[in-house]
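Listed below, chain by chain, are the residues.
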Amino acid sequence: MASSSISTSCGHNFCMGCIKEYWDNCSQIQCPVCKEIYLQRPELRVNTFISELAAQFRKLAPEKFSSVTELHSETAVSCDACTDQAIKSCLDCGVSFCKTHLETHMVTPKLRKHKLMDPFFCRDDQTCVCQFCTESNHKYHNTVPVEEECGEKKSHLMKTQMKMQQMIQDRLRKIQEVKVQVAVRKKSTEEEISASVEVFNALMRSIERSQAELLEVMEEEQRAAERQAEGLIKDLQQEITELQRRNSELEKISHTEDHLHLLQIYPTLCSPPHTKNWADVSIHPPLSVETVRRSISKLETLFRKQMEKITARHAVDVTLDPDSAHRELILSADGKQVRHGDKRQKLPKNPERFDYWVSVLGKEGFSSGRFYYEVEVGGKTDWDLGVARESINRKGEFTLSPEDGYWTVYMSNGNEYEAGVDPPVLLSLNKEPQKVGVFVDYEEGLVSFYGVENSSHIYSFTGQTFYEKLYPYFSPGLNYGGENSAPLIISPAEHHVLQE
């Protein structure tokens, strides 16, 4: 029930609860409207006119009046005669009225002189308040007319709606992108499968098993890609449906004139939708069969020959030649390790010594047959390995290429592998080798490099012509302030990459 309406001696009317609460929170006893100050709190009397008017309202709507809320309700300003939303507050009567019960103030001559005020919205507490509340509990809060707040809320709703529409368009475009990607991928897969079949038909029976396994993997990847695409499209369509539903709700509420309803559901409608960030989502590219075909073709030719040749008897004992070592290189006493020492050492000048690149050769040279050795490269960010002919230029700059008498592979920047040809060939390794095996077949003109741990082929120089001694070649690379301080270590070739 609404509090009884009372009148002050200055002629203004208030509800009993509001005026008492106002005075309880004021340092001075004064009228909230005209600010007349009283020496002591005046005796309050019921305004019989307003009370009779309220009684009439009770007779008009008894079922609503039983649940009337106070003017200072936490969620809205309600009519003091019913539970409907109040649209005006009367400063003289001290009560608020809905559209129906405001008609008396519109037609009754005496009441038409009363001052009517619109409800307010407290932005600090996010609730509707009346004029009296703005001068008491919400006196120092940020309060604005309800119409102004609703205008801003509608403006924000329109922006939110535009974002929703843009999100819908983005997801529609993503669906088309996914469909195009899966179509292109399927065509590429079919072409690669066809090409791989032709290659595998020319290989040995052992390679045919690899062909069947590869095709199965590729087809399974394609099926997985199609399943992935179906899942992506399904998720996108679900988000579009939800966004369209939210967009429809925003469209509907943006045109409502029910201010209270708009404010009540506003937090729910404008909360960020639970959507996924699709910007980086795409179908995985297919496995390159051309890459696999090239690797298998090289391995098949190479392994078939090498499995007949490489045996333990081809391992050689390599020792570093100190007379060829650059002045900044530090060799171990047993001649099995070399690292860069930053400072030049005082060593005898001789024509065999490298004076520009930090390089060193093995003591023993080979002019026929086959030989194999292994070098530990773990922990390094830069190294060169291979073989070099006896007559190489060891003074000044040179290029690591067969034209200059070098057959090498090298690693730089911690993970970049290249073969020493002109121009260099970039190598793609599945696993960084910790130990590298170097095999040379002098008569066949072959120099091959392997990753010892996983018996992987790194690179091969084929069809070469050797006419003088070949020496193992090493370069540990520059120290780079300790970053590349680990040594190259010549290790016994106990476990060969390829055996009979």
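Given the structure is predicted, the values throughout are model-derived calculations rather than measurements. (Residues numbered from 1 in each chain as written. Predicted model: local features only at pLDDT ≥ 70, side-chain atom pairs only at ≥ 80, totals over all residues. Heavy atoms only, no water.)

Visitor: Quick question: what am I supposed to make of the overall build of the protein chain here?
Guide: Along its length, the protein chain carries 9 helices and 22 strands. When burial is assessed residue by residue, the protein chain has 46% of its 500 residues classed as buried. Partitioning the intrachain contacts of the protein chain with sequence separation of at least 6 by distance along the chain shows that 62% fall at a separation of at least 24. (Helix = DSSP H or I, 4+ residues; strand = E, 2+ residues; numbered from the N terminus. Buried < 20%, exposed > 50% of the residue type's maximum accessible area, 1.4 Å probe, protein only. Contact = heavy atoms within 4.5 Å.)

Visitor: Hey, could you run me through the pattern of salt bridges in this one?
Guide: Where side chains of opposite charge bring their charged atoms close, a pairing between them can arise. Counting across every chain of the model gives 15 salt bridges. Residue Arg370 is joined to Asp441 by a salt bridge in which the shortest nitrogen-to-oxygen separation is 3.0 Å. Pair noted here: Arg370 is in strand S13 (residues 370-376) and Asp441 is in strand S18 (residues 435-441), with a separation of 71 residues, a long-range link. Several salt bridges converge on common partners, so that one network encompasses Arg123, Glu148, Glu149, Glu152 and Lys153. (Salt bridge = Lys/Arg side-chain N within 4 Å of Asp/Glu carboxyl O.)

Visitor: It is not clear to me how the side chain of Glu239 should be interpreted in this structure. Could you clarify?
Guide: Looking at the element boundaries, Glu239 is found in helix H7 (residues 205-254). Looking at Glu239, the relative accessible area reads 12%, which means it is buried. Excluding anything up to four places from it in sequence, Glu239 contacts Arg171, Thr275, Lys276 and Trp278.

Visitor: Explanation requested: the packing of aromatic side chains in the structure shown.
Guide: One pair of aromatic rings is described through two measures. These are the centre distance and the angle between the planes. Summed over the entire model, instances satisfying the criterion amount to 13 aromatic pairs. Residues Tyr356 and Trp357 carry aromatic rings whose centres are separated by 5.0 Å and whose planes lie at 90 degrees to one another, so their mutual orientation is edge-to-face. A ring pair is formed by Phe449 and Phe461, whose centres lie 6.4 Å apart and whose planes are at 70 degrees; its orientation type is edge-to-face. You can see Phe449 sitting in strand S19 (residues 446-451) and its partner Phe461 sitting in strand S20 (residues 456-461), a full 12 residues away along the chain. (Phe/Tyr/Trp six-rings, centres within 6.5 Å; stacked < 30°, edge-to-face > 60°.)

Visitor: What should I look at first to understand the sheet that holds S18 in this one?
Guide: Strand-to-strand pairing in sheets goes through backbone hydrogen bonds, with the strands running parallel or antiparallel. Read from one edge of the open sheet, 7 strands run S10-S11-S22-S13-S18-S19-S20, paired in antiparallel fashion. Lying at the two open borders of the sheet, with one neighbouring strand each, are strand S10 (329-331) and S20. Averaged over all adjacent pairs, the angle separating strand axes in this sheet is 20 degrees, with direction ignored. Two strands pair when backbone bridges link them, and strand S11 (residues 337-340) and strand S22 (residues 488-491) are joined in this way by 2 bridges, in the antiparallel orientation. Paired with Gln337 across the strands is Ile489, a residue of S22. (Pairing = 2+ DSSP bridges. Axes fitted to C-alpha atoms, helices over the stretch in contact; angles between N-to-C directions.)

Visitor: Can you walk me through unusual backbone geometry in this structure?
Guide: One can expect most non-glycine residues to show negative phi and most peptide bonds to be in trans. With an omega of 0 degrees, the peptide bond between Asp422 and Pro423 qualifies as cis. For Pro423, the location among the structural elements is in the loop between strand S16 (416-419) and strand S17 (425-427). Even without being glycine, Gln126 reaches a positive phi, approximately 55 degrees. Within the secondary structure, Gln126 sits in the loop between strand S7 (120-122) and strand S8 (127-129). With a phi angle near 55 degrees, Tyr480 is a residue other than glycine that sits in the positive phi range.

Visitor: I tried to follow the sheet that holds strand S14 (residues 383-389) on my own but got confused; where do I start?
Guide: The strand order across the open sheet formed by 6 strands is S12-S21-S14-S15-S16-S17, and the pairing between neighbours is antiparallel. Whereas interior strands pair on both sides, the edge strands pair on one side only; in this sheet they are strand S12 (360-361) and S17. Of the strand pairs in this sheet, S12 and strand S21 (residues 470-475) are connected by 2 bridges, and their pairing is antiparallel. By the bridge assignment for S21, Val360 is matched with Phe474.

Visitor: Mind showing me how you'd approach the environment of Ser78 here?
Guide: By secondary structure assignment, the location of Ser78 is in the loop between helix H3 (62-65) and strand S4 (88-90). Taking C-alpha positions, Ser78 is 9.9 Å from Ser89, a pair spaced 11 residues apart along the chain.

Visitor: What am I meant to see in the environment of Glu177 here?
Guide: Considering the arrangement of structural elements, one finds Glu177 in helix H6 (residues 146-201). Taking the C-alpha atoms as reference points, Glu177 and Ser282, separated by 105 residues in sequence, lie 8.4 Å from one another.

Visitor: Looking at this model, I keep getting lost on the confidence of the model for the protein chain. Mind explaining?
Guide: Low-pLDDT stretches of the model should not have their predicted coordinates read in fine detail. Looking at the protein chain as a whole, the pLDDT averages 78, with 77% of positions reaching at least 70. The weakest mean pLDDT in the protein chain belongs to H3 at 42; the strongest belongs to S21 at 97. The model gives residues 60-75 a pLDDT under 50, and that stretch makes 42 contacts with residues more than four places away or in other chains. Counting interchain partners and residues more than four positions distant, the pLDDT-below-50 stretch residues 305-312 has 18 contacts. (pLDDT = per-residue confidence, 0-100.)

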